[in-house]
Amino acid sequence: MKEKLFHPKLQLLVRVVLGGILVYASWHKIADPPDFAKIIYNYSLFPEASLHTFAIFVPWIELLAGLALITGIGLRGGALMAAIFFSFFIVALSYNISRECATICGCFDTHANGESLSVAEKFTKMKWEVAFDCSLVVAALYVLVGTLGCCGGGSCDGGSGDAAAPAEETAA
């Protein structure tokens, strides 16, 4: 069961898709930090003095996490960072939904794209984004768990993980 659930090809597929989402999501934020700062401001969660710092550094961390997932270099860190990012987005969006503060996620949207949406459309979009982010957290945790134990890179033959044992049995 474990061998099929954490099959290397499935792990790779999930990693590349998840990493691609992070890279794609970071791109417009890196290209236009002032626009991303407006999106962060609309969440009303951070002091104004920190907005530009977040707008500059967060997309680069997002990009690095995505590249780590795609390349496999720093895979655990990339998967953990992805899970943290998506969990934070879930909390931030849910908090704004609960206090009836309509905003756009900013994951794939620019500030200008959200200006044309009505309040009801923003709330609907926010709810869908929370659901999407939940699925992304599950995917990131799947990758993270897959890097732990035998299925993260070693043999998944269901054995004890001791490669020397079969050779010793045949010699005896």
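Please read these numbers as outputs of a predicted model, since none were measured by experiment.

Caption draft 1: The overall build of the chain, seen in detail. Scanning the chain from N- to C-terminus turns up 8 helices and 0 strands. Per-residue burial for the chain yields a buried fraction of 39% across its 172 residues. In the chain, once contacts between residues fewer than 6 apart in sequence are set aside, the share between residues at least 24 apart is 73%. When the accessible surface of the chain is totalled, it reaches about 9800 Å², and 69% of it is carbon and sulfur.

Caption draft 2: Main features of the pattern of salt bridges. Considering all chains together, one arrives at 2 salt bridges under this definition. Measuring nitrogen to oxygen at the nearest pair gives 2.9 Å for the salt bridge that ties K29 to E62. Taken as a pair, K29 in helix α2 (residues 8-31) and E62 in helix α4 (residues 48-71) lie far apart in primary sequence, 33 residues in all. Grouping residues by exposure puts K29 and E62 together as buried. Among the ionic pairs, E129 bridges to K125, the shortest N-O distance being 2.9 Å. Here E129 and its partner K125 are both found in helix α7 (residues 119-146), 4 residues apart, which amounts to about one turn of the helix. On the basis of relative accessibility, which here comes to 13%, the residue E129 falls in the buried class.

Caption draft 3: How the structure looks around the packing of α2 against α4. Remark: α2 packs on α4, axes separated minimally by 7 Å, with the N-to-C direction vectors making an angle of 155 degrees. In terms of orientation, α2 lies roughly antiparallel with respect to α4. You can see that α2 and α4 cross each other, and the crossing is left-handed. In contact with R15, V16, L18, G19, G20, L22, V23, A25, S26, K29 and I30 of α2, α4 contributes A55, P59, W60, E62, L63, A65, G66, L67, L69, I70 and T71. Tallied by class, the residues present in the contact of α2 with α4 amount to 14 nonpolar, 5 polar and 3 charged.

Caption draft 4: Summary view of the nonpolar core. Formed by 38 residues in total, the largest nonpolar core has its most connected members in L18, L69, A82, F86 and V143. Counting only elements with at least two residues in this core, the list comes to α2, α3 (33-43), α4, α5 (75-98) and α7. In this structure, A82 is in contact with L18, L22, L69 and A140, ignoring residues within four places of it in sequence.

Rules behind the numbers
Position numbers for residues count from 1 along each chain, tracking the sequence in the order it is written. Reporting of local features is limited, given that this is a predicted model, to residues whose pLDDT is at least 70; pairs of side-chain atoms are given and counted only at 80 or more, and all residues count toward the totals for whole chains, interfaces and linings. Only hydrogens and water are removed before side-chain values are computed, so all heavy atoms of the structure are retained for them. Secondary structure elements follow DSSP: runs of H or I no shorter than four residues count as helices, runs of E no shorter than two count as strands, and numbering proceeds from the N terminus. Throughout this description, buried means an accessible area under 20% of the type-specific maximum (1.4 Å probe, protein chains only), exposed means over 50%, and partly exposed covers the range between. By the convention used here, residues are in contact when the closest approach between their heavy atoms is within 4.5 Å. Only the protein chains shown count as covering a residue, and every accessible area follows the Shrake-Rupley method with a 1.4 Å probe. Throughout this description, the term salt bridge denotes a Lys or Arg side-chain nitrogen within 4 Å of a carboxyl oxygen of Asp or Glu. Between N-to-C directions, angles cover 0 to 180 degrees, with each direction set by a line fitted to C-alpha atoms, over the stretch in contact for helices. Working rule for angles: under 35 degrees goes down as roughly parallel, over 145 as roughly antiparallel, 65 to 115 as roughly perpendicular, anything else as oblique. Left-handed is the label given to a crossing in which the near helix is rotated counterclockwise from the far helix by less than a right angle, and right-handed is the label when the rotation is clockwise. All amino acids are sorted into three groups, where Ala, Val, Leu, Ile, Met, Phe, Trp, Tyr, Cys and Pro are nonpolar, Asp, Glu, Lys and Arg are charged, and the leftover types, Gly among them, are polar. Buried Ala, Val, Leu, Ile, Met, Phe, Trp, Tyr and Cys residues that are joined via side-chain atoms within 4.5 Å together make up what is termed a nonpolar core.

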